[in-house]
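# Secondary and tertiary structure notes
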Amino acid sequence: MGVVEKIKEIEDEMARTQKNKATEYHLGLLKAKLARYRAQLLEPATKSGGPGTGFDVQKSGDARVALIGFPSVGKSTLLSKCTHTVSESASYEFTTLTAIPGVIEHQGARIQLLDLPGIVEGASQGRGRGRQVVSTAKTADLIVIMLDATKSEEQRRLLEIELDAVGIRLNKRKPDIVFKRKTTGGITINNTVKLTKTDERTIRTILAGYKLHNCDVMIREDITTDEFIDVLIGNRKYIPCLYVYNKIDAISLEQVAKLAHEDHTVVISCEMNLNLDYLIERMWDDLGLVKVYTKKRGAHPDLADPVCLRKGATVEGKSSKFNPHAQKVGLNHVMQDEDVVSIFTK
Ligand SMILES: Nc1nc2c(ncn2[C@@H]2O[C@H](COP(=O)(O)OP(=O)(O)OP(=O)(O)O)[C@@H](O)[C@H]2O)c(=O)[nH]1
Ligand SMILES: [K+]
Ligand SMILES: [Mg+2]
């Protein structure tokens, strides 16, 4: 039996199994198995690539944004509107057959926007070009899930399932679990908070499923079984995501208002040029970019030419936050937006 069939079998069994206290650890075991098979499916057998690798487009600029969506939601139209690159758009599905990079210039930052082929349900299992598309999504600093505002709400969940299946976790941070392998001593599990969504028995079952008999586990938040498996497997990607509903020109104002109120969501119309500047602002925010001006000693900073950094970047310099009297800070100073820095060497 191939891996795909095995996965199907486990998924069927999980669907048949009622969720309750008695079946909890059996389901945990099935989940762990499922994750293992999916990993097998996704990591190409040969190092030289195969369907598990993304498109061969060089990363460029300060950050990469990948456009993920079903066919004909308007991904290419968006690229053509926001960048100087033209990507063919048409009313038939699968117009775009490869990755097309464009550059958004905003506040001194160069953001690479990647137009990608549309994906269909089952993309992560290797249907069509889907595997390549979802693998490329893994390389992004921000994923834009583009949706057609005129279509059903279901599309959003289906896309999330495809990305989840390749190990992408959207708008989540890595669960606070410390996991240490040992050679002897058995398994020690400690938690600093009460666990309400999983329990020690389930965790032990999963560890046994991975043939891990000696390790220390420290759990510092109220995790689910899935989150535990994620940390155990270790190659998950935690990527911010913006849900972008396009074609709002074709729905009622009431519907627009409803969509616009959802979390991590922006509503736009590429055709009518509605809200595109706001979308770019939101991308900038979610990428956590900050712009920093550099200046030579005794000179004014060049405000036309900021340097872009990711939030959390540190450098020795002066922070505008401490104005009016600029201050000398250490190398570990976390850069704030609009900081002005000069580097002093001894
Ligand atoms: N009504 C409306 N139509 C739009 C809008 N944006 C794009 N379209 C239309 O939607 C169709 C598909 O646009 P594309 O840009 O080719 O969509 P895509 O997502 O790149 O499609 P694939 O590459 O095939 O996956 C085209 O006929 C566009 O003119 C919009 O804001 N409103
Ligand atoms: K299209
Ligand atoms: Mg396209």
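Looking at an unreviewed UniProt entry, one finds the protein named Developmentally regulated GTP-binding protein and attributed to Rhodofomes roseus.

What follows covers the packing of helix 6 (residues 200–209) against helix 7 (residues 225–233). The contact between helix 6 and helix 7 brings their axes to 11 Å, and the two run at 35°. Crossing handedness for the pair helix 6 and helix 7: right-handed. Facing Thr202, Ile203 and Ile206 of helix 6, the residues of helix 7 in contact are Thr225, Phe228, Ile229 and Leu232. Of the residues contributing to the contact of helix 6 with helix 7, the split by class is five nonpolar, two polar and no charged.

In this section: the sheet that holds strand 13 (residues 307–310). Spatially, three strands are ordered 13-12-14 in an open sheet, and the strand pairing comes out mixed. Looking at strand neighbours, the two that pair on one side only are strand 13 and strand 14 (339–341), the edges of this open sheet. Across the sheet, the axes of successive neighbouring strands diverge by a mean angle of 40°, strand direction being ignored. Here three bridges tie strand 12 (residues 289–294) to strand 14, and the two strands are oriented parallel to one another. Its bridge partner lying in strand 14, tyrosine 293 is registered against valine 340.

Further remarks concern the environment of isoleucine 206. Locating isoleucine 206 in the fold gives a position in helix 6. Here isoleucine 206 falls in the buried class, since 22 other C-beta atoms lie within 10 Å of it. When near neighbours in sequence (up to four residues on either side) are disregarded, isoleucine 206 contacts Gly28, Leu29, Ala32, Phe228, Ile229 and Leu232.

Before going further, it helps to spend a moment on the sheet that holds strand 3 (residues 109–115). Taken together, the six strands give an open sheet; going across it, the order is 2-3-1-4-10-11, and neighbouring strands pair in mixed fashion. Edge strands, defined here as strands with exactly one partner in the open sheet, are strand 2 (100–106) and strand 11 (265–267). In this sheet, adjacent strand axes meet at a mean angle of 25° when their direction is disregarded. By the bridge criterion, three bridges tie strand 10 (residues 241–246) to strand 11 in an arrangement that is parallel. Note on strand 11: the bridge partner recorded for valine 244 is valine 266. Sitting on the sheet, helix 4 (residues 130–137) is in contact with strand 1 (63–69), strand 3 and strand 4 (142–148), with an inclination near 145° to strand 1. Together, strand 1, strand 4 and strand 10 form the strand contacts of helix 5 (residues 154–165), whose direction differs from that of strand 4 by roughly 145°.

Rules and cut-offs
Residues numbered from 1 in each chain as written. Chains lettered and ligands numbered in written order. Predicted model: local features only at pLDDT ≥ 70, side-chain atom pairs only at ≥ 80, totals over all residues. Axes fitted to C-alpha atoms, helices over the stretch in contact; angles between N-to-C directions. Helix = DSSP H or I, 4+ residues; strand = E, 2+ residues; numbered from the N terminus. Left-handed = near helix turned anticlockwise from the far one by under 90°. Contact = placed C-beta atoms within 7 Å. Nonpolar A, V, L, I, M, F, W, Y, C, P; charged D, E, K, R; others polar. Pairing = 2+ DSSP bridges. Buried ≥ 20, exposed ≤ 12 C-beta atoms within 10 Å, placed from the backbone.

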